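Examination of the molecular architecture
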Amino acid sequence: MATTIAGVEKEKLVGKRLRRREDPRLITGTATYVDDIHLEDMQYAAIVRSPHAAARILSIEIAAAQNSPGVIAVFTGKDTEKVGGVPCGASLPGLRVPHHNVLAVGRVYFVGHPVAVVVAKDRYMAQDAADLVEVNYEPLPAVADPEKALAPGAAPVHPEWPDNVAFTFHQDGGDVDKAFAEADVVVKQRITSQRLIPMAMETRGVVAEWHGADRQLNLYTSTQIPHLVRTLVATMLGLDENRVRVITPEVGGGFGSKLNVYAEEALMGWIAQKIQKPVKWIETRRENFLCTIHGRGHVDYYELAAKRDGTILGIKLKIIQDVGAYHQLLTPAIPTLSVLMMPGIYKTQNIRADIVGAFTNCMPTDAYRGAGRPEATHGIERMVDILADELQIDPAEIRLKNFVANDQFPFHTATGLMYDSGNYAAPLKKALDLVDYGKLRQEQADARKQGKWIGIGISTYGEICAIGPSPATPAGGWESATVKIEPSGKVTIMTGACPHGQGEETTFAQIAADELGISVDDVLVVRGDTSIVQYGIGTFGSRGTAIGGTAVYFALQDLKEKIKKFGAVLLESDDVTFSGGNVVCNKTGQSKSLPEVAASAYRAMKLPPNTEPGLVSTRFWEPPNFTFPFGTHIVVSEIDGQTGEVKIRRYVAVDDCGNRINPLIIDGQVHGGIAQGIGQALWEQAVYDDNGQLLSGELTDYAVPRAHMMPWIESEHTTTPSPVNPLGVKGVGEAGTIGCSPAVVNSVVDALSPLGVRHIDMPLTPEKIWHILSKGA
Amino acid sequence: MVPQKFEYAAPDSLKSVLQLLDAGAKPLAGGMSLIPMMKLRLAAPEQLVDLQKVKELSYIRESGNAIHIGAMTTHYEVETFPVLLRKCPLLAETAAEIGDLQVRNRGTIGGSVAHADPSADYPAALQALEAKLVLIGAQKERTVSAAEFFVDAFTTVLEPGEIVREVIVPAEELGTGTRYEKVVQPASGFAIVGVAVRVRRSAGKISFVRVGITGLSNHSYRATSAEATLAGTTGAAADVQNAAALVAEGIDANSDLHASANYRKHLASVHAARAITTAISRAS
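Keep in mind that this is a model prediction, so the values were computed, not measured.

The rules we used
- Residues numbered from 1 in each chain as written.
- Chains lettered and ligands numbered in written order.
- Predicted model: local features only at pLDDT ≥ 70, side-chain atom pairs only at ≥ 80, totals over all residues.
- Heavy atoms only, no water.
- Helix = DSSP H or I, 4+ residues; strand = E, 2+ residues; numbered from the N terminus.
- Expected span 1.5 Å × (residues − 1).
- Phe/Tyr/Trp six-rings, centres within 6.5 Å; stacked < 30°, edge-to-face > 60°.
- Buried < 20%, exposed > 50% of the residue type's maximum accessible area, 1.4 Å probe, protein only.
- Lys NZ or Arg CZ within 6 Å of the ring centre and 35° of its normal.
- 1 Å grid on protein atoms, 1.4 Å probe; cavity = no way out; pocket = protein on both sides within 12 Å on 5 of 7 lines; lining within 4 Å.
- Points joined across faces, edges and corners; volume = space filled by probe spheres on them.
- Nonpolar A, V, L, I, M, F, W, Y, C, P; charged D, E, K, R; others polar.
- Contact = heavy atoms within 4.5 Å.
- Buried area = accessible area lost by both parts, 1.4 Å probe.
- Salt bridge = Lys/Arg side-chain N within 4 Å of Asp/Glu carboxyl O.
- Polar contact = N/O pair within 3.5 Å; in protein donor to acceptor, adjacent residues only side chain to side chain.

Another aspect to go through is helix 14 (residues 504-516) of chain A. In a regular helix each residue adds 1.5 Å, so 13 residues correspond to 18 Å; helix 14 of chain A covers 17 Å between its end C-alpha atoms and thus fits that length. Backbone geometry just after helix 14 of chain A places Gly517(A) at a positive phi near 70°.

Pasting the structure below:
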């Protein structure tokens, strides 16, 4: 679309595949990450961690470490007892929240639990000395499996709660008992969603700098939520929030794992005060495995009631959530998102959900890309396939039958949500066309006759994005933006959303460039420094553009009004239009460019009536609802009948994320999401043994997909704008992950269906499939 | 992920290297295994002697019916060197399966075999090739066969102060068909199982066959009963199956997160059959 103003054609940038403006510094290695921060006289911290999943600390000998070369301090849990506990921001009735000291006091609860910290002149000296700290433990029985933890007689993770129940949650919607009583068929299945390691390429890291005279703490940390870290670390350390400055330089991936407040962030802030010098701690990869939150960790028991024609009448779900040893920031909230999402995009109005959170002697689970929604989507999409198999109905057909219809929006779900907009059949039909579904089924039948194991898996997912309205989130669900038009007409956007790889330095500039009729090169997006950017919430839950971008949009509307006012003064006319970067007098056709108007707004020789100088607007936008993207992923897989190895032959993804600001970035998000979805479906698993030792605790054992392991992704879209925000956008950061795993698993189960296979738990390792094939043959 | 303190030397002559080794230094070749172990503090050598600058250890030379490969030759060089591609394609094909491009650019054949990871790729090929390894120390040089060299997991016949100087593989007779088949461990890229096969045919029969196996147990080996079963047959599908069924016979197979012992044995048989079939198809 183009608008012609004063003879200049301004092409719309929203919708264009602009290359990411942040990439040159990233791909040339000139970006600054936490580990690139070097301060005068900076010291290094190394943390001594528990090798036991459960043990009493009998004594800690620190003398040898204290005398080690270069060491300036060694601290243990006794020293840091007054530091506030690591916070849990989520609340549920009856939630049991164990006090989470930054360094263990008396007892350790998981392998990797920080016990002591050594501070030395360099990181080598720090690690050498850390190796000299002698901790005498009395090992205690541990429990690492959530179902075993809930069984009678299990070792108590926290002695004060011997049943290991961290929380329970119940939700009823509609009349589920009636639905099940009236059902022709009920299918049941236990479905697990294994523990995963989020595996950001950049591990966590903190640099803390204390200015004693001002009682000012500067904290550089790799986080998705700098302002929330500021508030919570200030509380933990008893500092004034406005004297804690959190700086988040480049973040090398978060995926939810940096949507948190960690012990080390407060600990480094505390150490910097104690030693009166800056201190740096960079998490090792091993520590990242052990001590950064894990994702998923569900055991789900599903029951689906249906009529013989395939109409779903009701869903019962019992979730056993592996909590780990503590609650991190949002731990108990994550499975409640699964409950919200449990009906998927199907119209059934009868649900019953029960969650039991189980303490285990493991690292806490928390938000990992999708956070509760991949688990729920995996569950419902598997159950719909199981139902289709039971009733011998085609999996595409049974989905079409149960979709919320286009005329039912906004649609109130049994879980209390209001789906904003949708056209669920559109991506399904498009994906079916892309794979030529009818022909594909014929090819599958032919291949089976030749003894080949070909499977077709469909996943029609929905998800909850733009998290979220404040009443639904623990810390406020709005987002903020300040847009400043400088005297030269250049535009600076300060976003509270703190994007960290999602591309908003580009997409926000596209929005601003279109609204103001300028070039993206005239727009700078600033984020990640609490002393520069107004309070914000952060980037997670696919909210950056839908909420943060909308805040930018409204700030721009304010400025456009003000630009018109200043332009009108310059043009000496009451009848002006602002368009294409110029204020134009509708009578004379004379115009003033944005730089001219901006200069006059700051020069302030003549102010419009009731107008202050300057061109700055700050908006905090509270969304009235979540947004609900959706789509269809279809996977064609082939199984090696001799080895059980799964090969993905085709991957078709049709995603509907509402209006599209930058399709190139959307493709990237979809690809990355699918990589993590396939990772869960086929390879990744955080495996703890019965003693709570993490067996897959190195990259040599934890299989993160590499580029060459990925299939070609055929990515398409449909567009159903969201009515929730004026941009009509929904969010796409997690869609790939959410849509993916059931498509992969459904395809493999479909391939093996001649053997009577109905379900296989992830990851679909070749050995697991080989066992199924061996039994079948 | 920082190592303990160590001394470091990088002389440019083999003689100086051997002197330092004799004095107790640990040799560093490509560093693909040693450096990560040092960073995890699982290894803490007090002195490292880096072989990177010893040019006399980096070569591929044909001599008579053998090809001599210097220990510091990288996997990438083995993978792409024309003489090897032509006359010992099994080794080149094996090298191409190691790790990723970065690893193949840094890692060396001498370092890999000396480390003797039971899941490494080369040992399967070296067993099948009946390769010889020239070992050198300050006092003496000796030559051992691949079969003698690999003793156990991470254990070889190398004595303290000794390094692998050279690997000697045969220049294949015309008409030899070879194949390396690998099941990749998805996290590490090492072999869950690797099978290297060489065959020759004569008058419609399999006249020569060698099968080397890696990954299955604590050290690589030649599957001699499989070889004996295949030799003299026409190499028909049933012959291949019968032979392949024997590759794991009597082997105490490893078991880990990625594959149980039984599954490993099964994979060894399946991939032996595939490797033999391909090798036969390549033999003329």
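Let's pick the thread back up.
The next point concerns the packing of aromatic side chains. Residue and element names in this part refer to chain A. This model, assessed by the stated rule, comprises 18 aromatic pairs over all chains. Consider the rings of Phe 289 and Tyr 702, whose centres lie 5.8 Å apart with planes at 75°: the pair is edge-to-face. With Phe 289 in helix 8 (residues 285-291) and Tyr 702 in the loop between helix 17 (663-683) and strand 30 (713-717), this residue pair connects regions lying 413 residues apart in the sequence. Just as Phe 289 is buried, Tyr 702 falls in that class too. Aromatic pair Phe 409 and Tyr 424: ring centres 5.4 Å apart, planes at 85°, arrangement edge-to-face. Remark: Tyr 424 occurs in the loop between strand 19 (418-419) and helix 12 (425-435) and Phe 409 occurs in the loop between helix 11 (395-402) and strand 18 (411-412); sequence separation between them is 15 residues. Per residue, the accessibility class of Phe 409 equals that of Tyr 424, and both read buried. An aromatic cluster of at least three residues, connected via ring pairs, comprises Tyr 346, Phe 403, Phe 409, Tyr 424 and Phe 630. Seen from the ring of Phe 180, Lys 316 lies directly overhead, with NZ or CZ sitting 4.3 Å from the centre.

Think of a ball as big as a water molecule: rolled over the atoms, this probe shows where empty space is left. Residue and element names in this part refer to chain A. Here the second largest pocket defines a volume of roughly 470 Å³. Of all the secondary-structure elements, those providing two or more residues to the lining of the second largest pocket are helix 4 (146-150), strand 10 (185-193) and strand 15 (298-306). Broken down by class, the residue content of the lining of the second largest pocket amounts to 8 nonpolar, 6 polar and 10 charged.

Turning next to the interface of chain A and chain B. Listed per partner, the contact involves 25 residues of chain A and 21 residues of chain B. Roughly 1,900 Å² of surface becomes buried between chain A and chain B when both sides are summed, with 57% attributable to carbon and sulfur atoms. It is Gln642(A), Glu767(A) and Trp770(A) in chain A that bury the most area against chain B; as a group they hold 26% of the surface buried on that side. Applying the counting rule to chain A against chain B returns 3 salt bridges. Its salt-bridge partner being Asp640(A), residue Arg274(B) comes within 2.9 Å of it at the nearest N-O pair. Scanning the region where chain A abuts chain B turns up 12 residue pairs in polar contact (both at pLDDT 80 or more). Within the residue set of the side of chain A that touches chain B, elements represented by two or more residues are helix 3 (123-130) and helix 19 (766-776) of chain A. It is helix 3 of chain A that contributes the most residues to the side of chain A that touches chain B, 4 residues altogether. Across the side of chain A that touches chain B, the residue classes tally to 10 nonpolar, 6 polar and 9 charged.

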